[in-house]
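# Topology and contacts: notes
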Amino acid sequence: MPRIPLLFFFISKLSGLHLFLGPATCFVFLFYFVPVALTALMSLTAMGRTLDWEFIGTENYVRLFSGADPLVLGIVRNTIVYVAGALPTTIGVGLLISLLSMRMRRTAGLLFRAIFFIPRAIPPVVWGYLWAWSFEGTRYGVFNSILVGLGFSPIHWLTRYPMLIVVLANGFLGVSLAMLVFTSAIAAVPVDYTRAAEVDGASFWQVCRYVIIPLLKWPIATMTIWHLMSFINSYVYVMLITGGGPYYATEVWSLYGYHAAFRDFQYGYGSSLVMILVAANAVLFFIAWKALGIRRLLAPTRVEV
Amino acid sequence: MRRLKGVPLYLVLGLVSAPFLVMYLAFFLQAFSEEISLGVIPRGIGISKNFGFLWKPIPWGLERTTIWEVLLNTLLFAGASGGTVTIICLLAGYALSRIDFRGKGFMLSLQLLLHAFPGHILLIAIFFLLFYLRLLYTIPGVAIARASIEIPLGIWMVKGFFDAVPSDVERSAMVDGCNRFQVWQKIFLPLLKPGMAAVFIWGFLFAWHEFIFVYTLLPGTVRLMSTLIEALVATEVMPPGLLAAVSLFYMLPPLTLFVFLQKALLKVPILGGKGM
């Protein structure tokens, strides 16, 4: 039996559906499901520089939870401080900018929103470098050069306030998205509602507090959960700005996983750190799914009146 | 009195945005001057010094490289990644929009779930996967791995484009004897050219901006723009002028693309920003 007719037979059995969905399914399988399975397997090994599969059971997890690794406690604390700082920054400043800029003249509002959209439009390396350079400890850093020019001595920002700078750099990256989502949600609030409140003598603050913000309940909830998930997994900007330092002061969980694997070459231990993150993501996503429903997750700008 | 009412608004937003304006302005001016004092006051014109990398080699650790080699690598990487996203999403988006099959709702929900899942944390496993597939340290391998992060949302996006085409067009083609693939190729692809451009540029831009995949999976051997900037930051003696100039050069192609293709790009949902 020649091989070519057999091949044709198989191709004729394939329907259009296989042809259209096959590549995407293969991709998803290869780059999402296989890596998760690989991470789970690797977390049970003591894989090091030699890349040998040396299975050691749950030893990595024991090391993580028993306190055998003295850094873990500090890293958990850093992660909590980082998320607890960046999340309110994102939601609070995002809300502030969208509320104020929607109240302004159209062009002025657009201009302010453009300024805060820049972080998302420029490459991560440039955003990271911009922060590292602006807050450089010598007199050549942007803010230090202002201080020196005014007669103060330069401040070593990245050693004195490393966490604050990392939180702001990530928080304002979140602001750029939250601001856009809130702005389009505010635009969807019926004018009758705010007009009625204004006629009754409500101030701008009262209109925001009692009319607009309650209507933005779902966009705010979606953005909160969205950024919560994004912040617990984000490590690239921390790596670019402080590298986790000085001495692990800004090392967050996901960055520790990266460092364990690609700096210390403990691939097994790094995988167990990532597995914990994967589990945290699964739990958070489940909560989001139950609390918000798929429709609100997909269309965060919808205002339900 | 009416005019005065707006003043506090401008004041608050002005104060919040002031540090950022200083940072952006300092960065921009630094690219064209020798030194910056008092934050935003440039001193001396340093264009030929800062932009000298365009005709002179750039130090990379102990070695040297040229900007054109780095630019070509980045174009190849971003092009391969954007192309992969476009082809895969155009195929899958058609099926999810036009063909009825069991498990369609599940497929769509799965893509959303995967979009919410941060692909960047699986880097260790992707490193091994590429190692076993013998694709580690190669541009195509890493570009394909990078494309996988954008595919879930891309499928939703392209499905939206297909949904917008009236079904009469496709039905009449099928009555005339086209099969599914011919309908896709001869009817939909020509109709969806703006959509195709949008998906391609969207995938291209994310790959162009990508840092961590490139830094980890293509270290040193293949130089890209993002790793070039990181390498320049890592050398302590580097003058900030050169860095600002290289960064501007790096940001120029995406900005140009965006300005020229703004209309097509506006169809892209903003939730795509997931690089954090």
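As the structure is a prediction and not an experimental result, all values here were calculated from the model.

Moving on: the overall build of chain B. Along its length, chain B carries 14 helices and 4 strands. Here chain B holds 276 residues, and 43% of them are scored as buried. Counted over contacts in chain B with a minimum sequence separation of 6, partners at least 24 positions apart contribute 68%.

What follows covers the overall build of chain A. Each helix and strand in chain A was counted, giving 15 helices and 0 strands. Scaling as 2.2 N^0.38, a compact globule of 305 residues should have a C-alpha radius of gyration of about 19 Å, whereas chain A reaches 25 Å, well beyond that. Considered along the principal axes of its C-alpha atoms, chain A spans approximately 85 × 60 × 35 Å. Counting over 305 residues, chain A shows a buried share of 41%. For chain A, long-range pairs separated by at least 24 residues make up 67% of all intrachain contacts whose partners lie at least 6 apart in sequence.

Moving on: the interface of chain B and chain A. Taken together, the contact between chain B and chain A spans 64 residues of the former and 67 residues of the latter. Top element by residues in the side of chain B that touches chain A is helix H2 (residues 7–32) of chain B. It accounts for 12 residues.

When the domains of chain B are assigned, the result is domain 1 (2–45) and domain 2 (73–223 + 244–272). Relative placement of domain 1 of chain B and domain 2 of chain B: their C-alpha centres are 37 Å apart.

All names here are of chain B. Look at helix H7 (residues 139–163) against helix H10 (residues 193–209): their axes get within 10 Å of each other, and the N-to-C directions meet at 150 degrees. The orientation of H7 relative to H10 falls into the category roughly antiparallel. As H7 packs across H10, the resulting crossing turns out to be right-handed. For the pair H7 and H10, contact is made by Ala 143, Arg 146, Ala 147, Glu 150, Gly 154, Met 157, Val 158 and Phe 161 and by Gly 195, Val 199, Gly 203, Phe 206 and Ala 207, respectively. Partitioning the contact of H7 with H10 into residue classes produces 8 nonpolar, 3 polar and 2 charged.

So, on to the packing of helix H4 (residues 72–103) of chain A against helix H12 (residues 217–233) of chain A. Residues and elements named next belong to chain A. The N-to-C vectors of H4 and H12 enclose an angle of 145 degrees; their axes lie 10 Å apart at closest approach. Crossing angle aside, the handedness with which H4 passes H12 is right-handed. Facing H4, whose interface residues are Thr 79, Tyr 82, Val 83, Ala 86, Leu 87, Thr 90 and Ile 91, H12 presents Ile 220, Met 223, Thr 224, His 227, Leu 228, Phe 231 and Ile 232. In terms of residue class, the contact of H4 with H12 is built from 10 nonpolar, 4 polar and no charged.

Within the chain, Tyr248(A) stands out as a residue other than glycine whose phi angle is a positive 60 degrees. Tracing the backbone shows Tyr248(A) in the loop between helix H13 (236–241) and helix H14 (253–262). Even without glycine at this site, Tyr137(B) takes up a positive phi of about 65 degrees. With respect to the element layout, Tyr137(B) can be found in the loop between helix H6 (123–132) and H7. For Tyr137(B), a count of 15 C-beta atoms within 10 Å corresponds to the partly exposed category.

Take the nonpolar core next. With 158 residues, the main nonpolar core has Ala24(A), Ala169(A), Cys89(B), Ala92(B), Val199(B), Ile229(B) and Val246(B) as its most contacted residues. Broken down by element, this core gets its largest block of residues, 16 residues, from helix H9 (residues 162–187) of chain A. Both domain 1 (2–45) and domain 2 (73–223 + 244–272) of chain B contribute no fewer than three residues apiece to this core. Residue contacts for Ala169(A): discarding those within four places in its chain leaves Trp131(A), Tyr237(A) and Ile241(A).

H14(A) sits mainly inside the fold: 8 of its 10 residues count as buried. Burial in H14(A) covers these residues: Trp253(A), Ser254(A), Leu255(A), Tyr256(A), Gly257(A), Tyr258(A), Ala260(A) and Ala261(A).

This paragraph deals with H7(B). All names here are of chain B. With 25 residues, H7 should reach 36 Å at 1.5 Å per residue; the first-to-last C-alpha distance of 34 Å fits that figure. At Ile 151, H7 shows its strongest bend, of approximately 45 degrees, with the proline Pro 152 following within four residues. For H7, a buried count of 21 out of 25 residues is recorded, marking the element as mostly surrounded by other parts of the structure.

All names here are of chain B. The buried fraction of strand S2 (residues 41–45) is low, at 0 of 5 residues. Here strand S1 (residues 33–37) pairs with S2 via 4 bridges, running antiparallel. Each residue of the ladder has a partner; that of Ile 36, found in S2, is Pro 42.

Let's shift gears to the environment of Ala24(A). Tracing the backbone shows Ala24(A) in helix H2 (residues 16–42). Sequence-distant contacts of Ala24(A), defined by excluding residues within four places in its chain, comprise Ile88(B), Leu91(B), Ala92(B), Ile151(B) and Ile155(B).

All names here are of chain B. Averaged over all residues, the pLDDT of chain B is 83; the fraction at 70 or higher stands at 91%. Per-element mean pLDDT across chain B ranges from 52 in helix H1 (residues 2–5) up to 92 in helix H4 (residues 67–98). Here residues 268–276 scores under 50 on pLDDT; set against residues more than four positions off or in separate chains, the count is 18 contacts. Model confidence for the complex: the whole-complex pTM is 0.87, and ipTM, which rates the interface, is 0.86.

Mapped onto the secondary structure, Pro239(B) falls in the loop between helix H12 (225–234) and helix H13 (240–260). A sequence separation of 204 residues divides Pro239(B) from Glu35(B), and the C-alpha atoms of the two residues are 9.3 Å apart.

What counts and how
- Residues numbered from 1 in each chain as written.
- Chains lettered and ligands numbered in written order.
- Predicted model: local features only at pLDDT ≥ 70, side-chain atom pairs only at ≥ 80, totals over all residues.
- Helix = DSSP H or I, 4+ residues; strand = E, 2+ residues; numbered from the N terminus.
- Buried ≥ 20, exposed ≤ 12 C-beta atoms within 10 Å, placed from the backbone.
- Contact = placed C-beta atoms within 7 Å.
- Rg over C-alpha atoms; globule rule 2.2 N^0.38 Å.
- Domains from an automatic or database assignment.
- Axes fitted to C-alpha atoms, helices over the stretch in contact; angles between N-to-C directions.
- Parallel < 35°, antiparallel > 145°, perpendicular 65-115°, else oblique.
- Left-handed = near helix turned anticlockwise from the far one by under 90°.
- Nonpolar A, V, L, I, M, F, W, Y, C, P; charged D, E, K, R; others polar.
- Core = buried A, V, L, I, M, F, W, Y, C linked by C-beta atoms within 7 Å.
- Expected span 1.5 Å × (residues − 1).
- Bend = angle between axes of the 7 residues up to and from the residue.
- Pairing = 2+ DSSP bridges.
- pLDDT = per-residue confidence, 0-100.

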